[in-house]
Amino acid sequence: MKKKTAAIFSLVMSAVLCAAPVFAEAETEADGNAEFLEALTGTYDELFTVICDPQYDQLWLDNCTEIVGEEMAEDCAVMLKAACAGDIYGQEAVDAYGDGSEGALFDCFFINGVSQFTFDGNVFSGTDEEGKEVFSHEYEYVDQFLLGGMMEGALYETADEDAGEFKYFVLFPDTPESTYHIEFRYGSDLDALAEYNSGDYAYWLAAGILADADQEMIENVIQL
């Protein structure tokens, strides 16, 4: 049993740690141009809230069976989903996981009260669970930005003084067309946003899927 669990854990951690370079090969690069922002246009729900819904359990199981075999498929599916569905980040996560060398769960949900994000050109906005606006600002491209020395994205900043934890956005190359989802970070501290296992945003990376994603898109992102 220990050997089986270790093998599955190794697979899961490899998938998490290798995700950045794989996604970075997306054809649309996050270089701040209008074409990239156009590719992101839409309203997004939390990726893992959607794809971890029980109705997709069999799809996860089928995909894992193809990779690790029937015997380990169920455990593999559970661990893969859990690896990106952590519920702590920042100092609390650092206290729990340290530098992550012995394993860590990433929180890939939305934070700071946002339930849905909308990207519409240079205007980024978010609403809460009741549909009330949490923030809405116009952002300008600043430069390329590196997360943890391994994951490159595009840094955007708003000039609005009341932006708070939505002052900066780092958008990574993923788009609905290229990898069926998006990944991003946002906050008020650039130094902290650049670290993945320390600081206020440690072990957190928001992941979204179009709110109107069809069955094919959902199946594709789970397979990915």
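Undergrad: Tell me about the packing of aromatic side chains, and name the residues and values.
TA: For any pair of aromatic rings, the description rests on two quantities: the centre-to-centre distance and the angle between the ring planes. With the rule as written, the count across this model stands at 29 aromatic pairs. Between Phe117 and Phe119, the aromatic rings sit 6.4 Å apart at their centres with planes inclined by 20 degrees, giving stacked as the arrangement. The exposure class assigned to Phe119 is buried, which follows from its relative accessible area of 2%. Judged by centre distance (5.3 Å) and plane angle (70 degrees), the rings of Phe124 and Phe169 are edge-to-face. Within this pair, whereas Phe124 is found in strand E3 (residues 123-127), its partner Phe169 is found in strand E6 (residues 168-171), the two being separated by 45 residues in sequence. Taking the relative accessible area as the measure of exposure, Phe169 reaches 0% and is therefore buried. The ring centre of Tyr168 lies 5.5 Å from the NZ or CZ of Lys167, which sits over that ring.

Undergrad: Please set out the confidence of the model for the chain residue by residue, giving values where relevant.
TA: In this model, the chain carries an average pLDDT of 87, and 86% of its residues clear a pLDDT of 70 or more. Throughout residues 1-28 the model reports pLDDT below 50, and contacts reaching past four residues in sequence, or to other chains, amount to 38 contacts.

Undergrad: Please give an account of the nonpolar core that cites residues and values.
TA: In a soluble, globular protein the nonpolar side chains are often hidden away together inside. Counting residues in each nonpolar core, the largest one holds 60 residues, and the members touching the most others are Phe169, Leu171 and Tyr186. Sequence-distant contacts of Tyr186, that is, excluding residues within four places in its chain, are made with Phe110, Ile111, Asn112, Phe117, Glu165, Phe166, Tyr168, Phe169, Leu193, Tyr201, Trp204 and Ala206.

Undergrad: Which residues make up unusual backbone geometry, and what are the values?
TA: Note: most residues except glycine have negative phi, and most peptide bonds are trans. One non-glycine residue, Tyr180, lies in positive phi territory at about 70 degrees. The topology assignment puts Tyr180 in the loop between E6 and strand E7 (182-187). One non-glycine residue, Tyr203, lies in the positive phi region at around 60 degrees. By secondary structure assignment, the location of Tyr203 is in the loop between helix H7 (190-193) and strand E8 (206-210).

Undergrad: Requested: an account of the pattern of salt bridges, with residues and values cited.
TA: Enumeration over the complete set of coordinates arrives at three salt bridges. Linking Asp57 and Lys81 is a salt bridge whose minimum nitrogen-to-oxygen distance equals 3.1 Å. With Asp57 in helix H4 (residues 57-68) and Lys81 in helix H5 (residues 70-83), this residue pair connects regions lying 24 residues apart in the sequence. Close ionic contact of Glu157 with Lys167 constitutes a salt bridge, the shortest N to O distance being 3.3 Å.

Undergrad: Residue-level account of the pairing of E7, with values.
TA: Among the six residues of E7, six are classified as buried, and the element is accordingly described as predominantly covered. On E7, burial covers both faces: Ile182, Phe184 and Tyr186 on one face and Glu183, Arg185 and Gly187 on the other are all buried. Where E6 and E7 come together, four bridges link them in antiparallel fashion. Within E7, the position partnered with Leu171 by the bridge is Phe184. With three bridges connecting them, E7 and E8 associate as antiparallel partners. Residue pairing in the sheet places Phe184 in a bridge with Ala206 of E8.

Undergrad: Tell me about the side chain of His181, and please be specific about residues and values.
TA: Along the chain, His181 turns up in the loop between E6 and E7. Of note is the side chain of His181, whose polar atom sits 2.9 Å from the side chain of Glu183.

Undergrad: Explain the packing of H4 against H5 to me, and be specific about the residues and the numbers.
TA: At a minimum axis distance of 8 Å, the contact between H4 and H5 shows a crossing angle of 120 degrees. What the angle tells us is that H4 and H5 run oblique. Where H4 crosses over H5, the handedness of that crossing is right-handed. Between H4 and H5, the residues in contact are Asp57, Trp60, Leu61, Cys64, Thr65 and Val68 and Glu70, Met72, Ala73, Glu74, Cys76, Ala77, Leu80 and Lys81, respectively.

Thresholds applied
- Residues numbered from 1 in each chain as written.
- Predicted model: local features only at pLDDT ≥ 70, side-chain atom pairs only at ≥ 80, totals over all residues.
- Heavy atoms only, no water.
- Phe/Tyr/Trp six-rings, centres within 6.5 Å; stacked < 30°, edge-to-face > 60°.
- Buried < 20%, exposed > 50% of the residue type's maximum accessible area, 1.4 Å probe, protein only.
- Helix = DSSP H or I, 4+ residues; strand = E, 2+ residues; numbered from the N terminus.
- Lys NZ or Arg CZ within 6 Å of the ring centre and 35° of its normal.
- pLDDT = per-residue confidence, 0-100.
- Contact = heavy atoms within 4.5 Å.
- Core = buried A, V, L, I, M, F, W, Y, C linked by side-chain atoms within 4.5 Å.
- Salt bridge = Lys/Arg side-chain N within 4 Å of Asp/Glu carboxyl O.
- Pairing = 2+ DSSP bridges.
- Polar contact = N/O pair within 3.5 Å; in protein donor to acceptor, adjacent residues only side chain to side chain.
- Axes fitted to C-alpha atoms, helices over the stretch in contact; angles between N-to-C directions.
- Parallel < 35°, antiparallel > 145°, perpendicular 65-115°, else oblique.
- Left-handed = near helix turned anticlockwise from the far one by under 90°.

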